[in-house]
Amino acid sequence: MDVQKTTINALRILSVDAIQKAKSGHPGLPLGCAPIAYTLFQHFLNCNPKDTNWDNRDRFILSAGHGSALYYSLLHLYGYGVTKEDLMNFRQFGSKTPGHPEYRHTAGVETTTGPLGQGIANAVGMALAEAHLAAKYNKPDFKVVDHYTYAICGDGCLQEGISYEACSFAGTHGLGKLIVLYDDNDITIEGDTDVTFKENVGARFASQNWQVLHVDLVCSPDDVDALKSAIEKAKANTEKPSIIICHTRIGFGSPLEGSEKSHGAPLGEENVAKTKEYFGWEYPAFECPEEVFAHCAEATNAVAEKEVAWKKMMIDYEVAYPELASEYKKAMAGEKPNFEDIADLCKFDKAMATRQTSSKVLNAVASKMPTLMGGSADLGPSNLSKMNDTEEIKYGTFSAEDFSGRNIHFGIREHAMAAIANGMQLHGGIQAYCATFFVFSDYCKPAMRLAALMQLPVVYIMTHDSIGVGEDGATHQPVEQLLMLRSIPGMKVYRPADGKETVAAWTSALQGKEPTTLVLSRQNLPQYENSGNIALKGGYVLEDCEGTPDVILIGTGSEVEICVKAKAILAEKGVNARVVSMPCIEEFEKQTVEYKASVIPTSVKARVCVEAGSPYSWYRYAGECGEIVAMETFGLSAPAGKLFPHFGFTAENVAEKALASIEKTK
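Visitor: An account of the environment of methionine 352 is needed here, citing residue identities and associated values.
Guide: As for its position among the elements, methionine 352 is in the loop between helix 12 (322-333) and helix 13 (354-366). On the accessibility criterion, methionine 352 (14% relative accessible area) is buried. A sequence separation of 175 residues divides methionine 352 from glutamine 527, and the C-alpha atoms of the two residues are 7.8 Å apart. Apart from the residues within four sequence positions on either side, methionine 352 is in contact with Thr357, Gln523, Asn524, Leu525 and Gln527.

Right, here's the structure in full:
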C-alpha cells in the first residue's frame, strides 16, 4: 500500500461520502485540494489534537469554509475527536460537523469561516499577534512564541475586497510567518473565473510585498514533494508573507472534474461510485484502512513531543525571566485588571465628548493592561483611539521594523481591520480593539457579526455617532447603524451619555465575553452626578421626580441631555417626569423583570423615547401610548446646532411629545 496516496484519497472519499449522505455540500474543493491539506497536516502543521489549546501551536484556517467536509475529514484522520458518526451526520441538526467550520463548536477549528475572505483576514490577525507576542516575550535562548499561521483559500476569497485589504496590510507589515495556500482551480459557482477574474494574482501579491510560489497540481495532482518544497521555501522567508499558488482541478477524479457543477452540490450516487472507481477505493463508506490512521498518528505524535519540549523550555524560562514569564501566562489566560483600582478613572470635571472620555479611559486602562492592542482605520486623531506614550510607558507603533508596538495603523481598511482584530483576539494573549467613524460600521459589519457568532470580546470604537457630525452631511451621519448593530445576536452596543457611563461601557466591554461597540459623540456632553457603574445594567433612572412619574423620558448618548432639559420644562408645567438613561439595551434586557419594572414601571404608560437614529429600537419601550423622537430620514449638511432643532431634537419638542403621550393615556 502507498500509504501517502491512500491517505490523500481517504480525505477525498470521506468528504464525498459525507456530502452525498447529507445530500448537501461542496465536493469540488475536497477532491482538488486534498493533497494540499494532507501535505500541511502530515509534514508541517504543529498542532497537537490532544491539546488543541497549546499556546505555541500553528494556526490553520480554512478560509474557503465551504470546503468544510475536507476539514472534518482531516480532523477525523488526525485524531481531533471527529468520529465516523460525526462525518455521517455532516450538516445535520446538533452535529459536530456543521455546514461551515464554527469556532468553539468543533475541536481543531480556529475560527468560523464561510463568508469568503474573512478567514484570510483572521489569519493576518493571528500572524500579527504571533509577531507581537514573539517580539515581547522571546529571548535569544527562549523562543516562547514561535509558530506559523496557514490559510487555505480559493478564487472566491481572493475576489472579495477584504482579501486585498488584509493582504496589503500583511505585506506592508512584513508578517513573514503567514503562509496562504491558494487553491487556484479557476472555477466559481457561475463557471470559469475568466468571466470576472482575469488578474495576475501572483503579480498582485508580489506588488503587496509577498513572496509568490507556484505548484502545478493539474499535471501532477498528488505532487506532495513539490508542495513540501514550496512550504519549506515559504517558511524560510520570514521577511515577507508567502502565497503558494496551487494550480488544481475542481472535482478532481470525478465525472464532474473541471466543472462548476462539482462546486456546491453532491456528486450523486452514480458519480460517487465512478469517483471511487477512479481512485481504486474499495472500502465501505466512511471506512479507512488502519494504516491511514497509523500514518496520520506519526505526524501528531511528533507534534506532541514538540509540545513536551516547549513545556520543558518554559520551566527554564520561568527561572531565567520570572516577571516576563508571569506576564506571559497572565496574557495567555486573558487576565484583566481590577478597574476599580485605576486612579481617577471616573473623574471628569467638565463637559466632554464621549470620544474624549473614551480616550481618557482607554489610556488609563492601557497602562494597567499590557495585552490591550489596537488602532484605527486612518482616523486615530478623530477617534482618539491611540494609546499615548508617557514617561513610564512607551506604547510604540506596530510596524515591520518594530513588532512590539501596541498601536496599530490599520490604514483605510475598515472591513479587514475588524476581521484582523478578530484574528488577534482568536490567537490569544491580546485584547483587541479597533476604531472608525460610526457610519463606517457598515464596512465592518460582516466581521462584527462573526465576532458575535464566535463570542469574541473585541472592542469596536465608533465615534461621530449621529447627525451631530454636522457639516460632513448625510453620507457621514449615522441613522440606521444603531439598529443594525443592536440586531446582531450577542453584540453589546453602548452609547454613553457622559464620562462615567463611558467608564461603565469600557468596563463591560473588557470584562465581558462578547463583542462590544462603543458609540461615541463628536460634540461635548455634560457630566451627570447620578451616572456611574449603574450603567452596567444597561438602563437606569438618571433623574427622578417626587412620587409616581406622569411620564418617562428615555434617552441615549447626547439625547439624554435633551431629556433632562425637557424634564425641567415639564416640571414648570406641573408634570412629574423621570429621566431614564439607556446606554445599552442588550444589558438592560438581561436584568430581572423586577429591576426593569423599577426603571420603567408598566403602570406608567406615558413615555417618550429620544435617540438621533432609527426609531425601530424603541417601539417596545414606547408602548401603545408612547412617542418616539428619532430620525425618519437621512441627515443634512449643516452645523450640528442647526440640525438638532431641524429634526426635532429639542427639549421643547420632547416636552410637547410628553404631554401628547400623557393625553393618549386618558
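Visitor: Provide a residue-level description of the packing of helix 13 against helix 18 (residues 499-511), including the pertinent values.
Guide: Their axes nearest at 9 Å, the elements helix 13 and helix 18 cross at an angle of 50°. Here helix 13 lies oblique to helix 18, going by the angle between them. Helix 18 is crossed by helix 13, and the crossing has right-handed handedness. Residues Thr354, Thr357, Ser358, Val361, Leu362 and Val365 of helix 13 pack against Gly499, Thr502, Val503, Trp506 and Leu510 of helix 18. In terms of residue class, the contact of helix 13 with helix 18 is built from six nonpolar, five polar and no charged.

Visitor: Tell me about helix 16 (residues 441-454), and name the residues and values.
Guide: For an α-helix, the turn length of 3.6 residues means that residues three or four places apart are oriented alike. A rise of 1.5 Å per residue sets the reference length of helix 16, with its 14 residues, at 20 Å; its end C-alpha atoms lie 18 Å apart and thus fit the reference within 8%. Within helix 16, the axis deviates most sharply at alanine 447, by approximately 35°. Taken residue by residue, helix 16 has Ser441, Cys444, Ala447, Met448, Leu450, Ala451, Ala452 and Met454 as its buried positions. On its buried side, helix 16 packs onto helix 5 (118-137), helix 15 (414-427), strand 10 (431-437), strand 11 (459-463), helix 17 (481-486) and strand 13 (516-520). Just downstream of helix 16 lies glutamine 455, where phi reads positive at about 60°.

Visitor: Tell me about the side chain of serine 358, residues and numbers included.
Guide: By the secondary structure assignment, serine 358 is in helix 13. Residue serine 358 is classed as buried on the basis of its relative accessible area of 2%. Among the polar contacts made by the side chain of serine 358, one reaches the side chain of tryptophan 506 at a distance of 3.0 Å. When residues no more than four places from it in sequence are discounted, the contact partners of serine 358 are Thr502, Trp506 and Leu520.

Visitor: Just give me the short version of the sheet that holds strand 1 (residues 59-62), but keep the residues and values in it.
Guide: Read from one edge of the open sheet, five strands run 1-2-3-7-6, paired in parallel fashion. Each having just a single partner strand, strand 1 and strand 6 (211-216) make up the two edges of the open sheet. The sheet shows a mean angle of 15° between the axes of neighbouring strands, taken without regard to direction. Here strand 3 (residues 178-184) runs beside strand 7 (residues 242-247); their pairing, made up of six bridges, is parallel.

Visitor: Please give an account of the packing of helix 7 (residues 161-172) against helix 15 that cites residues and values.
Guide: Axis separation between helix 7 and helix 15 bottoms out at 8 Å; the angle between their running directions is 65°. As the angle between them shows, helix 7 and helix 15 are arranged roughly perpendicular. Our pair here, helix 7 against helix 15, has a crossing hand that is right-handed. Here Ile162, Glu165, Ala166 and Phe169 of helix 7 come into contact with helix 15, specifically with Glu414, His415, Ala416, Ala419 and Ile420. Here the residues of the contact of helix 7 with helix 15 are counted per class, giving six nonpolar, one polar and two charged.

Visitor: Can you break down the nonpolar core residue by residue, with the values?
Guide: Soluble globular proteins tend to bury their nonpolar side chains together. The biggest cluster of nonpolar side chains holds 80 residues, and the ones touching the most others in it are Leu128, Val144, Leu158 and Tyr460. With 12 residues, the top contributor of residues to this core is helix 5. Setting aside its immediate chain neighbours within four residues, tyrosine 460 contacts Ala418, Asn422, Cys434, Ala447, Met448, Ala451, Met491, Pro515, Thr516, Thr517 and Leu518. Within the second largest apolar cluster, 63 residues are counted, among which are Phe41, Tyr72, Leu77 and Leu87.

Quick notes on the rules
- Residues numbered from 1 in each chain as written.
- Predicted model: local features only at pLDDT ≥ 70, side-chain atom pairs only at ≥ 80, totals over all residues.
- Heavy atoms only, no water.
- Helix = DSSP H or I, 4+ residues; strand = E, 2+ residues; numbered from the N terminus.
- Buried < 20%, exposed > 50% of the residue type's maximum accessible area, 1.4 Å probe, protein only.
- Contact = heavy atoms within 4.5 Å.
- Axes fitted to C-alpha atoms, helices over the stretch in contact; angles between N-to-C directions.
- Parallel < 35°, antiparallel > 145°, perpendicular 65-115°, else oblique.
- Left-handed = near helix turned anticlockwise from the far one by under 90°.
- Nonpolar A, V, L, I, M, F, W, Y, C, P; charged D, E, K, R; others polar.
- Expected span 1.5 Å × (residues − 1).
- Bend = angle between axes of the 7 residues up to and from the residue.
- Polar contact = N/O pair within 3.5 Å; in protein donor to acceptor, adjacent residues only side chain to side chain.
- Pairing = 2+ DSSP bridges.
- Core = buried A, V, L, I, M, F, W, Y, C linked by side-chain atoms within 4.5 Å.

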